[in-house]
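Spelled out, the chains give:
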Amino acid sequence: MSRAPLNLLPGLVAAPLAEQITRAGLARTRILGSTGRRAQRVHDLVAGNIPGQLPHFVSTGLEYGYRYAGPLIATEPGEREVATGADDVVEYRPNTKPGGRLPHTVIDTTDGPRSTLELVDTTPTALTVFTFDPSGWEHVLESGVGLLSPLTACVVDLGSATTPKTAIDLYEVGTLGAVLVRADGHIVWRTAVHAKAAAVDLLDAIRRCWLPYFSQNRASDQRTVVATVAPPKSSSR
């Protein structure tokens, strides 16, 4: 049977016991501030155990790199389900795998440098396409007008990224592919294939993942999907 917590003990017993526990803890701590062989052994022991504690205290990989599955996330080609979890709990490695967060990069716009995270359309029924081929993907979305209502979609041009080569590697879809992002900044779908060849896959993914949630309202909501470039429109190079 485990020991009873201090708050269950009578006050006359708990108070001196708590003081003894505190003194014992402080005595061990004081060793770290002293000199001598014993202090050095404690220092070495602590230093040796710190790396093993990193996953508990330094977890940017878990906080920013976690991917999750769900009905509003499309699977990758050839996969039955979305891979979940983090590639590395400690270190965050940006990527564009479905279910994860959109990576940050800086884009030159008419209003000055902006983060891609700022250019995500945050309207609840909006989707944002990030691509280096905006005209090709705008055409795809225009072809889906009337099919995706009540969703709206817009395109952000990555071609004006301040570090274009780095951005191409970061987004992992080449210069012709696209990354589809939800209003909360999570990635829904991606492809490295050019717009014309991937048009059917994109529209099918949107219909499959999203439209069941709006099917009950389609009869009363006949708004048209308009494909526009997310304001402010990124300048092309």
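Note that the coordinates shown come from a computational prediction; the quantities given were computed from them, not determined experimentally.

## With respect to the overall build of the chain
Item 1. In terms of helices and strands, the chain carries 6 helices and 7 strands.
Item 2. Counting over 237 residues, the chain shows a buried share of 38%.
Item 3. Sequence separation of at least 24 residues holds for 71% of the intrachain contacts in the chain that already meet a minimum separation of 6.
Item 4. When the accessible area of the chain is evaluated, it comes to approximately 13900 Å², of which 57% is carbon and sulfur surface.

## A closer look at the pairing of strand 2 (residues 112-115)
Item 1. Relative to strand 2, strand 1 (residues 106-109) runs antiparallel, the two sharing 4 bridges. What sits directly across from I107, in strand 2, is R114.
Item 2. In this structure, the hairpin formed by strand 1 and strand 2 is closed by a connection of 2 residues.

## Considerations on unusual backbone geometry
Item 1. Unlike most non-glycine residues, E172 shows phi in positive territory, near 60 degrees.
Item 2. Mapping E172 onto the fold places it in the loop between helix 5 (164-171) and strand 5 (178-181).
Item 3. Given a relative accessible area of 39%, E172 falls into the partly exposed group.

## With respect to the packing of helix 4 (residues 134-143) against helix 6 (residues 195-209)
Item 1. Where helix 4 contacts helix 6, the axes come no closer than 10 Å and their chain directions differ by 40 degrees. Considering their axes alone, helix 4 and helix 6 lie oblique with respect to each other. When the axes of helix 4 and helix 6 are compared, the crossing they make is right-handed. For the pair helix 4 and helix 6, the contacting residues are G136, W137, V140, L141 and S143 in the first and A195, A198, A199, L202 and L203 in the second.
Item 2. Considering only residue class, the contact of helix 4 with helix 6 consists of 8 nonpolar, 2 polar and no charged.

## Concerning the nonpolar core
Item 1. One finds W137, L180, W189 and L202 to be the most contacted residues of the largest nonpolar core, which totals 25 residues.
Item 2. Secondary structure elements with two or more residues in this core: strand 3 (126-131), helix 4, strand 4 (152-157), strand 5, strand 6 (187-191) and helix 6.
Item 3. Residue contributions to this core peak at 8 residues, all from helix 6.
Item 4. Aside from chain neighbours lying at most four places away, what touches L202 is W137, V140, L141, L180 and W189.
Item 5. Counting residues in each nonpolar core, the second largest holds 16 residues, with L102, F132, A167 and V179 among its members.

## A look at the pairing of strand 3
Item 1. With 6 of its 6 residues buried, strand 3 lies for the most part within the structure.
Item 2. Two elements, strand 3 and strand 5, share 4 bridges in a ladder whose sense is antiparallel. Looking across to strand 5, one finds that F130 is bridged to V179.

Rules and cut-offs
Residues numbered from 1 in each chain as written. Predicted model: local features only at pLDDT ≥ 70, side-chain atom pairs only at ≥ 80, totals over all residues. Heavy atoms only, no water. Helix = DSSP H or I, 4+ residues; strand = E, 2+ residues; numbered from the N terminus. Buried < 20%, exposed > 50% of the residue type's maximum accessible area, 1.4 Å probe, protein only. Contact = heavy atoms within 4.5 Å. Areas by Shrake-Rupley, 256 points an atom, 1.4 Å probe, with all protein chains shown as cover. Pairing = 2+ DSSP bridges. Axes fitted to C-alpha atoms, helices over the stretch in contact; angles between N-to-C directions. Parallel < 35°, antiparallel > 145°, perpendicular 65-115°, else oblique. Left-handed = near helix turned anticlockwise from the far one by under 90°. Nonpolar A, V, L, I, M, F, W, Y, C, P; charged D, E, K, R; others polar. Core = buried A, V, L, I, M, F, W, Y, C linked by side-chain atoms within 4.5 Å.

By themselves these figures say nothing about function.
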